[in-house]
Amino acid sequence: MYLVIGATAHFGRQAVEELVAAGAPVRALTRTPERAELPEEVDVVRGDLTKPETLPAALAGVEAAFLVLQYGMDVAPLLAAAGQAGVRRLVFLSSGAVVPGAEQQPDVIAQYHRDVERAIEASGIEWTFLRLLFPAINSLTFAMQLQGGDVIRAPYAEAAFSAVHERDVAEVVARTLIGGGHAGRAYDLTGPESLTQAQQVGILGEMLGRPLTVEDLDPEAVLEQMSRFMDPEFLAALFGLMAQAVGKPAPVNDVIEQITGHPARAYTRWAADHRADFGG
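Because the structure is a prediction, the values reported are computed rather than measured.

A. Quick peek at the side chain of Thr128. Within the fold, Thr128 resides in strand β6 (residues 126–132). According to the relative accessible area criterion, Thr128 is buried, its value standing at 0%.

B. Representation of the layout of surface pockets within the structure. The calculated volume of the largest pocket comes to roughly 1600 Å³. Every residue lining the largest pocket is counted, 49 residues in all, and those nearest its centre are Pro135, Ile137, Asn138, Phe234 and Leu238. Of the residues forming the lining of the largest pocket, the biggest block, 5 residues, is contributed by helix α9 (residues 232–244). Considered class by class, the residues forming the lining of the largest pocket number 31 nonpolar, 15 polar and 3 charged. Here the second largest pocket is characterised by a volume of approximately 460 Å³. When residues of the lining of the second largest pocket are traced back to their parent elements, those giving at least two are β8 (160–161), β9 (185–189) and α9. Each residue belonging to the lining of the second largest pocket can be placed in one class, and the counts come to 16 nonpolar, 5 polar and 4 charged.

C. Summary view of the nonpolar core. Within the largest apolar cluster, 59 residues are counted, with the highest numbers of intra-cluster contacts made by Phe66, Leu189, Leu204 and Phe278. Setting aside chain neighbours within four positions, we find Phe278 in contact with Ser139, Leu140, Phe142, Ala143, Leu146, Leu204, Met207, Leu208, Arg210 and Trp270. In terms of nonpolar packing, the next biggest core, distinct from the first, is built from 27 residues, Leu49, Leu69, Leu79 and Ala81 among them.

D. Spotlight on α9. A rise of 1.5 Å per residue sets the reference length of α9, with its 13 residues, at 18 Å; its end C-alpha atoms lie 18 Å apart and thus fit the reference within 8%. Every buried residue of α9 is listed here: Leu235, Ala237, Phe239, Leu241 and Met242. Here α9 starts with a cap whose side-chain oxygen sits 2.9 Å from the backbone nitrogen of Glu233, and that cap is Asp231.

E. Summary view of the sheet that holds strand β3 (residues 43–46). Within the open sheet, the 7 strands sit side by side as β3-β2-β1-β4-β5-β6-β9. Their pairing is parallel. The open sheet is flanked by β3 and β9, the only strands paired with a single partner. With strand direction ignored, the average angle separating the axes of adjacent strands in the sheet is 20 degrees.

F. Examining the UniProt feature "domain: NAD(P)-binding" (unreviewed entry) in the protein chain more closely. Listed under "domain: NAD(P)-binding" (unreviewed entry) in the UniProt record, and renumbered for this structure, are residues 6–176. With 35% helix and 20% strand, residues 6–176 has end C-alpha atoms that lie 17 Å from one another.

G. Spotlight on unusual backbone geometry. Positioned with a positive phi, Glu37 is a non-glycine residue whose angle comes to about 50 degrees. Within the element layout of this structure, Glu37 appears in the loop between β2 (26–30) and β3. For Glu37, a relative accessible area of 73% corresponds to the exposed category. Even without glycine at this site, Tyr156 takes up a positive phi of about 60 degrees. Tracing the backbone shows Tyr156 in the loop between β7 (151–155) and β8. Given a relative accessible area of 16%, Tyr156 falls into the buried group.

Reading the values: rules and limits
- Residues numbered from 1 in each chain as written.
- Predicted model: local features only at pLDDT ≥ 70, side-chain atom pairs only at ≥ 80, totals over all residues.
- Heavy atoms only, no water.
- Helix = DSSP H or I, 4+ residues; strand = E, 2+ residues; numbered from the N terminus.
- Buried < 20%, exposed > 50% of the residue type's maximum accessible area, 1.4 Å probe, protein only.
- 1 Å grid on protein atoms, 1.4 Å probe; cavity = no way out; pocket = protein on both sides within 12 Å on 5 of 7 lines; lining within 4 Å.
- Points joined across faces, edges and corners; volume = space filled by probe spheres on them.
- Nonpolar A, V, L, I, M, F, W, Y, C, P; charged D, E, K, R; others polar.
- Core = buried A, V, L, I, M, F, W, Y, C linked by side-chain atoms within 4.5 Å.
- Contact = heavy atoms within 4.5 Å.
- Expected span 1.5 Å × (residues − 1).
- Polar contact = N/O pair within 3.5 Å; in protein donor to acceptor, adjacent residues only side chain to side chain.
- Pairing = 2+ DSSP bridges.
- Axes fitted to C-alpha atoms, helices over the stretch in contact; angles between N-to-C directions.
- UniProt positions renumbered as here; feature names shortened; annotations may be inferred.

The following block contains the structure:
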């Protein structure tokens with residue numbers, strides 16, 4: 001049995017679908033099974049990582065689990081329950097902000113994910129880390145703006161990222177969960193090309209047949225406004241990562257192709273797959 005933790009979030013849901021397509025027995029952990037809307041082949045169970053008493057039943061008979069965590073969540077109760085249940089392998093969706101080999105990470109996002117990685121390493125359970133910096137689904141934040149016009153307003157319009165299609169992530173998850181040869185590996189996942197946010201908006205405009213433009217906002221003003229209702233340290237780290245990505249190409253590798261057997265999907269493919277989200 002393969003367990004997906006965070007099964008109704010973007011990456012978890014797609015991972016479930018890939019595992020089902022591969023014919024693997026899948027269990028999905030969610031706080032609200034009644035709203036999961038997952039394939040009927042899936043064993044959907046109620047569970048909450050903040051309520052350790054709900055975990056033993058979900059982990060019973062599980063060989064390997066895929067873990068997606070909300071930032072700041074304590075992984076210790078899950079690791080204790082997984083160890084007691086005899087789970088053999090964990091695949092963790094970590095952050096591409098992690099600096100390999102650094103004892104002290106450069107920001108709170110990298111530090112949190114590296115601390116989780118260390119806890120998993122210390123658990124004695126076989127592990128694989130998937131480090132993802134810029135998922136293409138981040139572009140969904142543009143969709144609401146496009147309902148009111150053809151201008152996207154965002155800070156760091158010239159920051160470049162190699163956006164990763166969530167379906168590629170899901171395929172990598174399925175193969176690292178089911179297949180061998182991935183124990184003790186940390187993979188940096190990238191898309192096939194480096195694109196600035198402005199270039200991404202241009203691709204969205206071509207897909208929609210609309211002449212979209214980008215207004216580059218003052219990062220300090222946006223950060224101050226967003227910090228009123230979001231974690232200021234987290235936001236500062238996020239804005240720092242974007243600032244570092246201005247004026248230089250994003251790293252691109254072929255890890256996804258090595259694992260899945262096909263090149264990573266381009267941003268144009270992601271845009272086409274999400275046409276409906278942008279009103280197209």
